[in-house]
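Topology and contacts: notes
So the chains spell out like this:
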Amino acid sequence: MHHQIVRRAGAERETAWVLLASAAILACAVVAVGLRPAPPPEPVAAAHQIDSRTGLTSAEQGLHADLKVAGAEIAALLRETGAAPKPAELAAQALPPFARDTSATARGGHAWTLAEAGHGVAYAGVSAAPELAGSMVLVLDTHGKDHAEPQVWLKRAAEAPPPGLDEKTLAAAGWKQVTATFTAGVTR
């Protein structure tokens, strides 16, 4: 007589292997996350600065972008002619944000003026609707050889900037310098 042992149907062995594989994958994931370096700390803005990504309304972000482009255009005109163009001339060239169009109205309807600023020129835009976008100042250094990057300042009020338009004067009057910090979280 021949005896054969037949095991009952079950999945104990397969279940054990699946659990073992799951535990190995989980252990590898824990080790990988633990070995990953911590991200660098976010740069901290000074008290008189505001980040263009997180601190501005959408209308102010649009104005900031327009002012950066306009700053480069005005610097080129300054090198060509030697004189700062008036806001009316910039509006006649349809250069945002100086042009009077629906976009300017939707972004606060700023009234732009030209002012001398220590080592350069400045364009001050007093907002007609500070709840949409605050008043802004574009400061251009015209005396340096390298023509430093234009600075944009913001105050959430319908207020003209103080005379002098240097960093200390603007900061003391409650104006915030708009800065752009780029970190790994900016570009995904």
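Another aspect to go through is the pattern of salt bridges. Counting across every chain of the model gives five salt bridges. R156 serves as the salt-bridge partner of E60, at 2.7 Å between the closest nitrogen and oxygen. Here R156 lies in the loop between β5 (151-155) and α5 (167-172) and E60 lies in helix α2 (residues 58-81), a separation of 96 residues in the sequence. You can call E60 buried: its relative accessible area is 1%. Ionic pairing is found between K68 and E149, a salt bridge with its closest N-O pair at 3.5 Å. Taken together, the residues K68 in helix α2 and E149 in the loop between β4 (135-141) and β5 connect sequence positions 81 residues apart. Residue E149 is classed as exposed on the basis of its relative accessible area, which comes to 58%.

A cis amide bond links P96 with the next residue in sequence, P97, at an omega value of 5 degrees. Relative to the helices and strands, P97 resides in the loop between α3 (87-92) and α4 (102-106). We note that A94 has phi near 60 degrees; this positive angle belongs to a residue other than glycine. With respect to the helices and strands, A94 occurs in the loop between α3 and α4.

Mapped onto the fold, D51 is located in strand β1 (residues 49-51). Among the residues examined, D51 registers a relative accessible area of 15% and is labelled buried. A distance of 3.3 Å separates a polar side-chain atom of D51 from the backbone nitrogen of R53. If sequence neighbours within four positions are ignored, D51 has contacts with L56, T179, A180 and T181.

What follows concerns the nonpolar core. Counting 23 residues, the largest nonpolar core has L67, I74, L90, F98, Y123, M136 and L138 as the members making the most contacts within it. Within the residue set of this core, elements represented by two or more residues are α2, β3 (120-126), β4 and β5. Per-element tally for this core: the top contributor is α2, with seven residues. Here L138 is in contact with L67, G71, I74, V121, A122, Y123, P150, Q151 and V152, once residues within four sequence places are set aside. Listed in part, the eight residues of the second largest apolar core include A124, V137, V139 and L170.

This part covers the packing of aromatic side chains. As enumerated under the stated definition, the model contains two aromatic pairs in all. A ring pair is formed by F98 and Y123, whose centres lie 5.4 Å apart and whose planes are at 65 degrees; its orientation type is edge-to-face. Taken together, the residues span a long stretch of sequence, with F98 in the loop between α3 and α4 and Y123 in strand β3 at a distance of 25 residues. Here the two residues F98 and Y123 agree in accessibility, since each one is buried. Grouped by ring-pair contacts, the aromatic residues F98, W112 and Y123 constitute a single cluster.

Of all five residues that make up β5, four are buried, and the element is covered over most of its length. Strand direction decides the pairing type here: β5 and strand β6 (residues 176-179), joined by two bridges, are antiparallel. Across the sheet, residue W153 finds its bridge partner in β6, namely Q177.

Parameters at a glance
- Residues numbered from 1 in each chain as written.
- Predicted model: local features only at pLDDT ≥ 70, side-chain atom pairs only at ≥ 80, totals over all residues.
- Heavy atoms only, no water.
- Salt bridge = Lys/Arg side-chain N within 4 Å of Asp/Glu carboxyl O.
- Helix = DSSP H or I, 4+ residues; strand = E, 2+ residues; numbered from the N terminus.
- Buried < 20%, exposed > 50% of the residue type's maximum accessible area, 1.4 Å probe, protein only.
- Polar contact = N/O pair within 3.5 Å; in protein donor to acceptor, adjacent residues only side chain to side chain.
- Contact = heavy atoms within 4.5 Å.
- Core = buried A, V, L, I, M, F, W, Y, C linked by side-chain atoms within 4.5 Å.
- Phe/Tyr/Trp six-rings, centres within 6.5 Å; stacked < 30°, edge-to-face > 60°.
- Pairing = 2+ DSSP bridges.

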